[in-house]
Amino acid sequence: MTAPDGAAAPDGTGAGVAAPWGMLAELTHRCPLHCPYCSNPLELVRRESELTTDQWIAVLDQARRLGVLQTHLSGGEPLARRDLAELVGHASGLGCYVSLVTSGLGLTPARAEELAARGLDHVQLSLQDSDATTGDRVAGTRAHHHKIAAAAVVRRLDLPLTVNVVLHRGNLDRIAEIILLAEDLGADRLELANTQYYGWGLRNRRLLMPTRRQLANARRVVAAETRRLAGGMEVVYVLSDYYGEYPKPCMHGWGSRQFTVSPAGRVLPCPTADVITGLPAEFVQDRPLAEIWYESAVFNAFRGTDWMRDPCRSCDRREIDFGGCRCQAFQLTGDARATDPVCRFSPDRHLVAAALLADAPEDSGVADPAAGRPLWRGIPTGRVPRVPSAGGGPAVVDPCG
């Protein structure tokens with residue numbers, strides 16, 4: 001795939017770079033949920049700093065000219081944007097496959113019908129648990145029944161449905177029930193992703209990290225259910241990096257296939273790249289997307305393999321996992337050029353081993369993350385969101401139990 005007309009790679013830094021095919025458009029950081037593993041930044045973009053409708057339309061136009069074919073509208077909660085239907089319609093009109101990544105809160109029948117009429121192609125719905133009470137604790141609000149209703153709305157409209165569940169110590173023991181629930185909801189695809197420890201997940205790692213017993217049991221359950229569901233609902237299981245022998249090929253290589261645009265217009269090679277301090281900031285308001293993709297220092301910082309040091313530079317896997325995750329390397333070592341510490345060959349592997357020793361609970365057969373109070377996404381440190389109880393009064397909740 002080469003750069004399309006109107007977005008040819010300029011001579012110099014970006015020469016020979018393929019055009020991207022996917023864009024994650026983070027329309028807002030506003031969200032009704034407060035999940036302690038949220039992948040949004042620790043510093044959230046406020047509503048008044050979000051791109052306007054016209055600015056997002058310009059971004060969509062530029063992205064399509066650049067080569068983007070898949071547009072994922074995400075957040076926060078994209079349904080918080082009143083112009084969502086307009087943006088869906090514009091992206092669809094450009095010929096993009098348009099996916100909505102949502103909590104389901106606010107996806108009423110009328111709203112869903114409007115989005116479908118404007119050209120929405122797919123919905124990815126998050127679930128926190130199969131159990132409503134624990135799911136609501138993790139979400140920080142009464143959300144579970146809204147999600148079940150949202151799934152029903154999506155299926156009535158005959159839109160493809162992906163259910164995404166972040167796995168952690170508090171819900172891994174119910175992975176069989178989670179799979180059955182997704183099946184009952186009519187999901188075409190179920191993504192079971194163990195918590196990756198970036199941002200809020202890293203802050204709450206001690207409360208989220210599962211036991212090895214839980215992980216071993218989850219693998220057995222997923223294997224059995226995948227065989228049972230062959231030809232039906234697709235099940236994708238993603239293990240936490242910390243428990244792997246090698247890192248995953250993060251984003252299939254830095255600046256290789258996709259990019260993210262934040263609510264404020266910052267363009268990033270991956271959704272969490274802003275954790276790397278000192279990384280140059282590029283905004284769509286200041287520079288065309290094509291220039292940012294092909295020429296900018298941020299997108300060329302870790303492209304290819306020339307930036308690598310040993311052991312990555314001389315490793316046979318250097319074009320398989322691309323040195324692993326740059327954000328994880330930075331957060332654990334302070335050096336974004338370091339080999340991802342989850343790799344068995346990393347000189348910093350001891351950092352992951354120490355984290356597993358310090359934060360993974362004993363394999364006692366009881367998953368109890370109540371060893372401390374989490375830092376909630378979008379809630380100032382030290383405060384816990386309050387959820388209305390059945391009797392109408394406030395109830396302080398602890399995620400996962």
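Fair warning: this is a prediction, and the values are worked out from it, not measured in the lab. Residue positions are given per chain, counting from 1 as you read along its sequence in written order. Given that this is a predicted model, residues contribute local features only at a pLDDT of at least 70 and side-chain atom pairs are listed and counted only at 80 or more, while totals for whole chains, interfaces and linings are drawn from all residues. Heavy atoms from the whole structure form the basis of all side-chain values; hydrogens and water molecules are not counted.

Residue-level account of the environment of Arg313, with values.
Mapping Arg313 onto the fold places it in the loop between α11 (297-300) and α12 (326-333). We call two residues contacting when some pair of their heavy atoms lies within 4.5 Å. For Arg313, the residues in contact, after removing those within four places along its chain, are Asp306, Trp307, Met308 and Arg318. Side-chain polar atoms of Arg313 contact the backbone oxygen of Asp306, separated by 2.8 Å. What qualifies as a polar contact is a pair of N or O atoms within 3.5 Å, subject to a donor-acceptor requirement within protein and to the restriction that residues adjacent in sequence count only when both atoms come from side chains. A polar atom in the side chain of Arg313 sits 2.7 Å from the backbone oxygen of Met308. Secondary structure elements follow DSSP: runs of H or I no shorter than four residues count as helices, runs of E no shorter than two count as strands, and numbering proceeds from the N terminus.

Would you mind going over the pattern of salt bridges in detail, with residue names and values included?
One speaks of a salt bridge when a side-chain nitrogen belonging to Lys or Arg is within 4 Å of a carboxyl oxygen belonging to Asp or Glu. Going through the model one piece at a time under the given rule, you end up with 18 salt bridges. Glu50 serves as the salt-bridge partner of Arg81, at 3.2 Å between the closest nitrogen and oxygen. Pair noted here: Arg81 is in the loop between β2 (70-74) and α2 (84-93) and Glu50 is in the loop between β1 (22-26) and α1 (53-66), with a separation of 31 residues, a long-range link. For the salt bridge of Lys248 with Asp241, the shortest nitrogen-to-oxygen distance reads 2.0 Å. Type-normalised accessible area, obtained with a 1.4 Å probe on protein chains alone, sets the label of each residue: buried when under 20%, exposed when over 50%, and partly exposed for intermediate values. Overall, the relative accessible area of 33% leaves Lys248 in the partly exposed class. Look at Asp241 and you get buried, because its relative accessible area is 6%. Within the structure, one salt-bridge network assembled from shared partners comprises Arg30, Glu50, Arg81 and Asp83.

Mind laying out the confidence of the model for the protein, listing which residues take part and the relevant values?
Per-residue confidence for the protein gives a mean pLDDT of 87; residues scoring 70 or more make up 86%. As a per-residue measure, pLDDT reflects the predictor's confidence and takes values from 0 up to 100. Counted against residues more than four places away or in other chains, residues 1-12, with its pLDDT under 50, gives 24 contacts. Across residues 378-401 the pLDDT falls below 50, and counting only partners more than four positions away or on other chains, this stretch makes 49 contacts in the model.

Can you lay out the environment of Asp274 for me, pointing to particular residues and giving the numbers?
Within the element layout of this structure, Asp274 appears in the loop between β9 (267-268) and α10 (289-295). Residue class for Asp274 comes out partly exposed when judged on its relative accessible area of 27%. Each C-alpha atom of the pair Asp274 and Pro41 lies 7.6 Å from the other, and the pair is 233 residues apart in sequence. Those residues in contact with Asp274 that sit more than four places away from it in its chain are Pro41, Arg266 and Leu268.

With reference to specific residues and values, describe the packing of helix α6 (residues 175-184) against helix α9 (residues 212-228).
Two numbers describe how α6 lies on α9: the axes approach to 9 Å, and their chain directions differ by 30 degrees. Taken together, the axis directions place α6 and α9 in an arrangement best described as roughly parallel. Of the two possible hands of crossing, α6 and α9 adopt the one that is right-handed. Residues Ile175, Ala176, Ile179, Leu180 and Glu183 of α6 form the contact with α9, whose participating residues are Ala218, Val221, Val222, Glu225 and Arg228. Any residue that is not Ala, Val, Leu, Ile, Met, Phe, Trp, Tyr, Cys, Pro, Asp, Glu, Lys or Arg is counted as polar, Gly included; the first ten are nonpolar and the last four charged. Of the residues belonging to the contact of α6 with α9, the class tally is 7 nonpolar, no polar and 3 charged. In this analysis, axes come from line fits to C-alpha atoms, helices being fitted only over the stretch in contact, and the angle between any two N-to-C directions falls in the range 0 to 180 degrees. Note on terminology: angles under 35 degrees are roughly parallel, angles over 145 are roughly antiparallel, angles of 65 to 115 are roughly perpendicular, and the others are oblique. Less than a right angle of anticlockwise turn of the near helix away from the far helix marks a crossing as left-handed, whereas a clockwise turn marks it as right-handed.

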